[in-house]
Amino acid sequence: MSHDHSKLIRMASQMAQFFGTQPDRPAPEAVAAHINESWTPRMRQDFVDQIRAGAEADPVVREAAAFVRLPAA
Amino acid sequence: MKDFIIPDRDMGTPAVNSDVTVNLLVDGIPVSVPAGTSVMRAAAVAGISVPKLCATDHLAAFGSCRLCVVQIEGMRGLPASCTTPVAEGMVVHTQTDEVAQVRKGVMELYISDHPLDCLTCAANGDCELQDMAGAVGLREVRYEPGKNHFTRRDAEGPNPEYRPKDQSNPYFTFDPAKCIVCSRCVRACEEVQGTFALTIEGRGFDSRVSAGMASDSFLSSDCVSCGACVQVCPTATLIENSVIQIGTPEHIVKTTCAYCGVGCSFDAHMRGEEVVRMVPSKDGKANHGHSCVKGRFAWGYATHRERQTQPMVRERITDPWRVVSWDEALDFAATRLRQAQADFGRDSIGVITSSRCTNEETYLVQKLARAVFHNNNTDTCARVCHSPTGYGLKTTFGTSAGTHDFDSVDETDLALVIGANPTDGHPVFASRLRKRLREGAGLIVLDPRQIDLLKTPHMGEGLHLPLRPGTNVAMLTAMAHVIVAEKLYDEAFIRERCDWDEFLAYAEFLLDPRHAPEAVETLARVPAELIRKAARAYAAAPRASIYYGLGVTEHSQGSTTVMAIANLAMLTGNIGKPGTGVNPLRGQNNVQGSCDMGSFPHEYPGYRHVSDPETRAIYERAWGVELSPEPGLRIPNMFDEALAGRFRGLYCQGEDIVQSDPDTRHVTAALAAMDIVVVQDLFLNETSNYAHVFLPGSSFLEKNGTFTNAERRINMVRRAMTPKNGYEDWEVTQMLANRMGAAWSYTHPREIMAEIALTTPSFAGVSYDLLEREGSVQWPCNDKAPLGTPVMHIDGFVRGRGKFVHTEYVATEERTGARFPLLLTTGRILSQYNVGAQTRRTENVVWHPEDILEIHPSDAENRGIREGDWVRVASRSGDTTLRAHITERVAPGVVYTTFHHPTTQANVVTTDNSDWATNCPEFKVTAVQVSPSNGPSEWQEEYRHHSDLARRILPTAAE
């Protein structure tokens, strides 16, 4: 079983809402940086898997997935 | 060895600050004191104690007892030394024939109306009246027995002047028969506490101390039981019940209160290993001799009969507890934790450190996770209170801490209080703020509820912006809009200390009409003109300070709100000088410390990210293990992972997450899904209902260590008695770690602090020797600041330039609708503390026996709810029942309650919404419906059933 599906995306969407209003850097990168700083590798993997599997998400969240650091396989 | 400290000498009148020094001669001894000092204090400085009764250095001079008269050359008569200021070249004689004669006469009058039961009096040995009778050489009372206040009856019948003792307060007794009407208690209630509950009624011989109206007792009056009156009373008139019961103390142990984040210093007055009373230390740098009902009186929980002192284990959480040896309990815990890791991987277990435990204990618990579990699954209850403060202030200023010390409030011209209720949550700070408000400082309160600070007696105008819960960011951004639009900002400060281009970008953002007060008015339901008025007042004050609490952080936009606050301070230059700043009021005693000590899963001690190779190298060297560069699980993540079957074991020290964390059903389901839950606590708390191992904890009176208060002040906690469970909490953690393969060999917390100092730059200069010498220090404490740092960011921000973060308002997902039309917000009350585990086990329950729901009259009427009715509060998470109190303190559409009692379980109702940056739960906004009810909810019944079952302890076999 993986980390509650909707919750990770909901948390990422909240981050997107914040970073989307910041002028200093592109929101997807900022969201990913915040996720990399504060989520465990497993949560990050679940998140990316969910996005890759086509989970519904804000475009910023979707783009952020590309910048999320994944644990070495 | 016991710390024996001679009680601070009373200098008679308070110290005075002045640049001008005055020289005088007292009894032939030359003395130099600051101008404005009293003759009495100057004499005390010279080592001479002038007899006194109404004077004490806690209070301004009053000049009523006439005992402190002296002779001053060139002055007529005998002036009172307490009210006479020194003058250059003054020649004072504190003892002459005439002075002695007058004093003896005065004492004779006092004693003529005072019982002579000294031997059996509770103040025997600690009575200033007794001392003064001795000091002036009183040998006889020549007055015939007559009209008096102390005899119950005489030959002619009952004495009409006699008043019986008032024993309504559970902690102290008021015995009018012993009162000398020196007014110290009344003055303390006004000057120190700021409540104005006491007064002198009547005149002349009829003068009496009275709490509230004539019909009031101490309990029914406005008295908040802070103990200031008891502390200054020179006789047995106001005295602690514990002293009446036990007798006078024989030694003092200096320590720090284990309640809120003010971190008051206390003198534990001991007789053997029994606490006789706790008296706030006059030299305490946070509290300067003041206290509240919790620290002063509510320490009885430490010896409460429900205290658990033996380790216990059980296979399943539905089994009864089995009392076992420490060895068995620790082996059981260690084996199961290792088994979980073997079965489910290294990351399947974790720890929760405690904001109620010491820095040293917290440090060891996070070290256990990092160095022994080999993961970073460590979090602390600050997750659910001030984690947004950490994120917000680190982003804007560069460090995760409040900027100022509490003393700074004495210099503030205006206090902006946001989402905090200091008179209840941080009472000693509130008293200091109220003093400043009486001196004329302005007050602005941003809070959905009308807090008591707004009713401060004798203050000037206080502005209340009763905003709708969840609109903090919109409100603060509107205030910033006004400051920029009306050019009220401090351009020089911004140019020097921040990035001007960043400011321009932020200004452009702010000037958009969507941030104007007129636009925000509809969201926050506060008139635009009031928002403008508040913004102008904050910007106009020469020194404006911001104090905030959990009403800021516990929101989905908690971190954004903290940054909006930081922006306001930077825009107006209110940083870096006394009287200004951004000051989070921390909930628990060691919230600051537990965060500093690396409790968060992404940060080592001193707020250094786990991915930073240099920091990791420091700890890998110190601990001799390889460390994980990846962030661990936060508390809510732990619960989610537990429900996903991947998180299987938890060591939880001194926190009651079942009661204190949101969405109780989610928390209990997560705990029930784990293989091993180890709880270390004083009591079988709510979380222990889901535990397999119970390790008994030690109270703050039973251990050595340090707490760090809201002003970054590291205060000593000293052991006053032997731990009832046999070990200090850090020893228990060490035993568990060693069972799991660590080879720790700390013999005293000072060694743990030495390791912290060695590995953490901001603590580099901290040592127990320094703390013993200085009393306390505020971090950063290192080569650059060897004695610590009272005010931060004086010449520049820690991060270099202050950062203006854009603060767009995003409405919370928690919205009212047809099903849940009201907004519930939560808070705390003076007499209770957090989950109530401690205060519920004291007499404090007389003030707050249950949690109640505050509801506006119109909302109550619409629902047919009357005062005191049982009501059901339901949200999308769950429902609970409690009693209603109808009041206009809350706005229509808003209801309010506290979370001190487990039977109410207010957190069954709160949701899993959280702060976008830190997952701090949104405790302060829950959409609810309220309806009449006739009994406990299904959940409450179910929970009570499990709780009764889970708390059973098997009787131990007869020896």
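In this text the structure is predicted, and so the values were computed from the model without any measurement. (Residues numbered from 1 in each chain as written. Chains lettered and ligands numbered in written order. Predicted model: local features only at pLDDT ≥ 70, side-chain atom pairs only at ≥ 80, totals over all residues.)

Caption draft 1: Seen up close, the overall build of chain A. In terms of regular secondary structure, chain A is built from four helices and zero strands. Secondary structure elements of chain A occur, N-terminal to C-terminal, as α-α-α-α. For chain A, whose C-alpha radius of gyration is 11 Å, the value lies close to the compact-globule estimate of 11 Å for 73 residues. Projected onto the principal axes, the alpha-carbon positions of chain A cover approximately 35 × 25 × 15 Å. In chain A, 69% of the contacts between residues at least 6 apart in sequence involve partners at least 24 apart. (Helix = DSSP H or I, 4+ residues; strand = E, 2+ residues; numbered from the N terminus. Rg over C-alpha atoms; globule rule 2.2 N^0.38 Å. Contact = placed C-beta atoms within 7 Å.)

Caption draft 2: Structural context of the sheet that holds strand β33 (residues 870–874) of chain B. Residue and element names in this part refer to chain B. Strand order in the closed barrel formed by six strands is β31-β35-β32-β34-β33-β36, with mixed pairing between adjacent strands. Pairwise comparison of adjacent strand axes, ignoring direction, gives a mean angle of 45° for this sheet. One ladder, built from four bridges, connects β33 with strand β36 (residues 926–932); its direction is antiparallel. Looking at the pairing, Val 871 lines up with Pro 932 of β36. (Pairing = 2+ DSSP bridges. Axes fitted to C-alpha atoms, helices over the stretch in contact; angles between N-to-C directions.)

Caption draft 3: Layout of the UniProt feature "domain: 4Fe-4S Mo/W bis-MGD-type" (unreviewed entry) in chain B. The sites that carry the UniProt feature "domain: 4Fe-4S Mo/W bis-MGD-type" (unreviewed entry) are, in the present numbering, residues 250–306 of chain B. When the span residues 250–306 of chain B is considered, its composition is 9% helix and 35% strand, and the gap between its end C-alpha atoms is 28 Å. (UniProt positions renumbered as here; feature names shortened; annotations may be inferred.)

Caption draft 4: View of the packing of helix α13 (residues 472–485) of chain B against helix α19 (residues 558–571) of chain B. Residue and element names in this part refer to chain B. Relative to each other, α13 and α19 sit at 15°, their axes nearing to 9 Å. In terms of orientation, α13 lies roughly parallel with respect to α19. The hand of the α13/α19 crossing is left-handed. Contacts between α13 and α19 involve Asn 472, Val 473, Leu 476, Thr 477, Met 479, Ala 480 and Ile 483 from the first element and Thr 560, Thr 561, Ala 564, Ile 565, Asn 567, Leu 568 and Leu 571 from the second. A per-class count over the contact of α13 with α19 returns nine nonpolar, five polar and no charged. (Parallel < 35°, antiparallel > 145°, perpendicular 65-115°, else oblique. Left-handed = near helix turned anticlockwise from the far one by under 90°. Nonpolar A, V, L, I, M, F, W, Y, C, P; charged D, E, K, R; others polar.)

Caption draft 5: Layout of helix α21 (residues 613–623) of chain B. All names here are of chain B. Within α21, burial applies to Thr 615, Ile 618 and Tyr 619. Each buried residue of α21 sits inside an arc of 85° when the element is viewed along its axis, so together they form one side. Exposed and oriented more than 90 degrees from the buried face of α21 are Pro 613, Glu 614, Ala 617 and Arg 621. On its buried face, α21 is in contact with β23 (603–604), β24 (608–609) and α26 (749–759). One or two residues past the end of α21 sits Gly 624, with phi positive at roughly 70°. (Buried ≥ 20, exposed ≤ 12 C-beta atoms within 10 Å, placed from the backbone. Arc of directions from axis to C-beta.)

Caption draft 6: Fine view of the nonpolar core. All names here are of chain B. Among the nonpolar cores identified, the biggest contains 248 residues, and Met 475, Met 479, Tyr 538, Ile 565 and Val 678 are the most heavily contacted of them. In terms of residue count, the dominant contributor to this core is α13 (ten residues). Apart from residues lying up to four places away in sequence, Ile 565 is in contact with Ile 418, Leu 476, Ile 546, Tyr 548, Val 552 and Val 582. (Core = buried A, V, L, I, M, F, W, Y, C linked by C-beta atoms within 7 Å.)

Caption draft 7: Spatial organisation of the interface of chain A and chain B. Of the residues lining the interface, 20 residues belong to chain A; the matching set on chain B comes to 21 residues. Elements supplying a minimum of two residues to the side of chain A that touches chain B: α1 (5–19), α2 (27–38) and α3 (41–52) of chain A. Among the elements that make up the side of chain A that touches chain B, the one with the highest residue count is α1(A) (five residues).

Caption draft 8: Here's a closer look at the domain arrangement of chain B. Splitting chain B by domain gives domain 1 (21–135), domain 2 (153–303), domain 3 (312–384 + 590–744), domain 4 (387–578) and domain 5 (822–949). Its C-alpha centre places domain 1 of chain B at a distance of 54 Å from the equivalent point of domain 5 of chain B. (Domains from an automatic or database assignment.)

Caption draft 9: Structural context of the UniProt feature "domain: 4Fe-4S His(Cys)3-ligated-type" (unreviewed entry) in chain B. If you check UniProt for "domain: 4Fe-4S His(Cys)3-ligated-type" (unreviewed entry), the listed places come out as residues 98–137 of chain B in our numbering. Regarding residues 98–137 of chain B, the helix share stands at 57% and the strand share at 0%, and the terminal C-alpha atoms are separated by 14 Å.

Caption draft 10: Representation of the pairing of strand β9 (residues 208–211) of chain B in the model. Residues and elements named next belong to chain B. Across four bridges, strand β8 (residues 198–201) lies against β9 in antiparallel orientation. The partner of Glu 201 across the bridge, within β9, is Arg 208. If you look at the hairpin formed by β8 and β9, you'll find six residues sitting between the two strands, and Gly 202 has a positive phi there, around 75°.

Caption draft 11: A look at the environment of B:Ala340. Residue and element names in this part refer to chain B. Mapped onto the elements of the fold, Ala 340 is located in helix α8 (residues 326–344). On the basis of neighbour count, Ala 340 is assigned to the buried category, with 20 C-beta atoms found within 10 Å. Separated by 183 residues in the primary sequence, Ala 340 and Gly 157 place their C-alpha atoms 79 Å from one another. Not counting the four nearest positions on each side in its chain, Ala 340 is found in contact with Ser 348, Ile 349, Arg 648, Gly 649, Asp 675 and Ile 676.

Caption draft 12: Geometry of the packing of helix α9 (residues 359–373) of chain B against α26(B). Residue and element names in this part refer to chain B. One can describe the packing of α9 onto α26 by two numbers: an axis separation of 9 Å at closest approach and a directional angle of 65°. Judged by the angle between their axes, α9 and α26 are roughly perpendicular. Once α9 is placed against α26, the crossing between them reads as left-handed. Where α9 approaches α26, its residues Glu 360, Tyr 363 and Leu 364 are matched on the opposing element by Pro 749, Ile 752, Met 753 and Ile 756. For the contact of α9 with α26, the class distribution of residues is six nonpolar, no polar and one charged.

Caption draft 13: Summary view of helix α16 (residues 517–524) of chain B. Residues and elements named next belong to chain B. Looking only at α16, the buried set comprises Pro 517, Val 520 and Ala 524. For α16, the buried positions fall inside an angular range of 60° around the axis, keeping them on one side. Along its buried surface, α16 packs onto α13 and α17 (528–540). Immediately beyond the C-terminal end of α16, within one or two residues, lies Arg 525, with a positive phi of roughly 60°.

Caption draft 14: Spotlight on the pairing of strand β13 (residues 274–280) of chain B. Residues and elements named next belong to chain B. Across the seven residues of β13, six count as buried, placing the element largely inside the fold. Strand direction decides the pairing type here: strand β12 (residues 265–271) and β13, joined by six bridges, are antiparallel. Paired with His 269 across the two strands is Arg 277, which belongs to β13. Between β12 and β13, which pair antiparallel one after the other, the connecting turn spans two residues, and Gly 272 there sits at a positive phi close to 60°.

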